[in-house]
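# Architecture at a glance
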Amino acid sequence: MASPMSAGRFLDRIRDEGVHVVEVGDWEHHNRNHKGPWGPVHGVMIHHTVTSGSAPTVGLCREGREDLPGPLCHGVITKDGVVHLVGYGRANHAGLGDDDVLRAVIAEKALPHDNEANTDGNRHFYGFECENLGDGQDPWPEVQLDAITKVSAAICRFHGWTERSVIGHLEWQPGKVDPRGFTMNSLRARVRELLK
């Protein structure tokens, strides 16, 4: 059982990893907590945005869409490796996913195939949206992958988690493909190296 860290500690931990952070508006209090609790937290979830351009991507993730109010994550990682903090608390990023996957994340074991959507992921995961078209062709610059690795490692280090607590949306919810263009196993290997 892990309580989410405070917004201030979250900011400090990410900055301590050497990541360039931009605070967007009153991000510390921008959340969906009125829809249900945030926590206990068990992991970090990585997404791609299917967008191009830093400003519109950050704006969308902060404000959301007509059918899905923001924030859509806690941080937006743009192609230049900057982490834009857009919300803190419950965010509309994970949606419903597989309870077997959640149990595996908690136990830090190999993930089973996600075959059902019966558990509220917005309650249990920190979420990062990463600027990418998600077509498998749009490149992932090294500086962006480095930032994704560092924010994931920062959260894992704080909570005493291993790299197995970092998952992709495609591993949580049937039908999702994000992030597309790199494998989650390769990202977890990078996180593992940072946690040594």
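Residues numbered from 1 in each chain as written. Predicted model: local features only at pLDDT ≥ 70, side-chain atom pairs only at ≥ 80, totals over all residues. Heavy atoms only, no water.

### Re the packing of helix H4 (residues 142-159) against helix H6 (residues 184-195)
The relative placement of two packed helices comes down to the angle between their axes together with the axis-to-axis distance. Basically, it comes down to this: Axis definition: a line fitted to C-alpha atoms, limited for helices to the stretch in contact. Angles are taken between N-to-C directions and run from 0 to 180 degrees. A run of H or I in DSSP counts as a helix once it spans at least four residues, and a run of E counts as a strand once it spans at least two, with each numbered from the N terminus. Each angle is binned into one of four classes, with values under 35 degrees roughly parallel, values over 145 roughly antiparallel, values of 65 to 115 roughly perpendicular, and all other values oblique. A clockwise turn of the near helix away from the far one marks a right-handed crossing, whereas an anticlockwise turn of less than a right angle marks a left-handed crossing. Contact between two residues is taken to exist if any of their heavy atoms lie within 4.5 Å; hydrogens are not considered. Ten residues, namely Ala, Val, Leu, Ile, Met, Phe, Trp, Tyr, Cys and Pro, are considered nonpolar, four, namely Asp, Glu, Lys and Arg, are considered charged, and the remaining ones, Gly among them, are considered polar.
Packing of H4 against H6 brings their axes to within 9 Å, and their N-to-C directions diverge by 60 degrees. By the angle class used here, H4 and H6 are oblique. As for how H4 packs across H6, the hand of that crossing is right-handed. Judged by residue contacts, Glu142, Leu145, Asp146, Ile148, Thr149, Lys150, Ser152, Ala153, Cys156 and Arg157 of H4 engage Leu187, Arg190, Val191, Leu194 and Leu195 from H6. When its residues are assigned to classes, the contact of H4 with H6 shows eight nonpolar, two polar and five charged.

### What about helix H3 (residues 99-107)?
We apply this condition: Relative accessibility decides the category of a residue: with a 1.4 Å probe and only protein chains considered, values under 20% of the type maximum give buried, values over 50% give exposed, and everything between is partly exposed. In the analysis that follows, any N or O atom pair within 3.5 Å is treated as a polar contact, provided that within protein one partner can donate a hydrogen and the other can accept it, and provided that, for residues neighboring in sequence, both atoms belong to side chains.
Inspection of H3 places Asp99, Val101, Leu102, Ala104 and Val105 among the buried residues, and these make up the whole buried set. Tucked inside the fold, the buried residues of H3 contact strand S2 (43-48), strand S7 (96-97), strand S8 (119-120), strand S9 (125-130), strand S10 (166-168) and helix H5 (169-172). The distance from a side-chain oxygen at the start of H3 to the backbone nitrogen of Asp100 is 2.7 Å, and the residue carrying that oxygen is Asp98. A positive phi of about 55 degrees marks Glu108, the residue just after H3.

### Let's talk about the state of the cysteines
Our working rule: Criterion for a disulfide: a pair of cysteine sulfur atoms at a distance within 2.5 Å.
Counting across every chain of the model gives zero disulfides. No disulfide involves Cys61; its sulfur sits 4.4 Å from the nearest other cysteine sulfur, which is in Cys73. In this structure Cys156 is not part of a disulfide, and its nearest cysteine sulfur, from Cys130, lies 14 Å away.

### Comments concerning the pattern of salt bridges
Our working definition: For salt bridges, the criterion is a side-chain nitrogen of Lys or Arg within 4 Å of an Asp or Glu carboxyl oxygen.
Counting across every chain of the model gives 13 salt bridges. Between Arg157 and Glu17 there is a salt bridge whose closest N-O contact spans 2.0 Å. Of this pair, Arg157 sits in helix H4 while Glu17 sits in the loop between helix H1 (7-16) and strand S1 (21-23), placing them 140 residues apart in sequence. By relative accessible area, Arg157 is classed as partly exposed at 37%. The residue Glu163 makes a salt bridge to Arg192 at a minimum N-O spacing of 3.5 Å. Within this pair, whereas Glu163 is found in the loop between H4 and S10, its partner Arg192 is found in helix H6, the two being separated by 29 residues in sequence. Residue Arg192 is classed as partly exposed on the basis of its relative accessible area, which comes to 38%. A cluster of three or more residues bridged by salt bridges with shared partners is formed by Asp99, Asp100 and Arg103.

### Some remarks on the sheet that holds S9
This is how the line gets drawn: Only strands that DSSP links by at least two bridges are regarded as paired with each other.
Spatially, S1-S6-S5-S9-S2-S10 is the arrangement adopted by the six strands of the open sheet, whose pairing is mixed. Strands at the two margins of the open sheet, each flanked by one partner only, are S1 and S10. Between one strand axis and the next, the sheet turns through 25 degrees on average, direction left out of account. Relative to S9, strand S5 (residues 75-77) runs parallel, the two being bridged by three bridges. Looking across to S9, one finds that Gly75 is bridged to Phe128. The sheet contacts of H6 involve S2 and S10, and relative to S10 the element is tilted by about 160 degrees.

Note that every value here comes from positions in space, so none of it alone points to a role or purpose.
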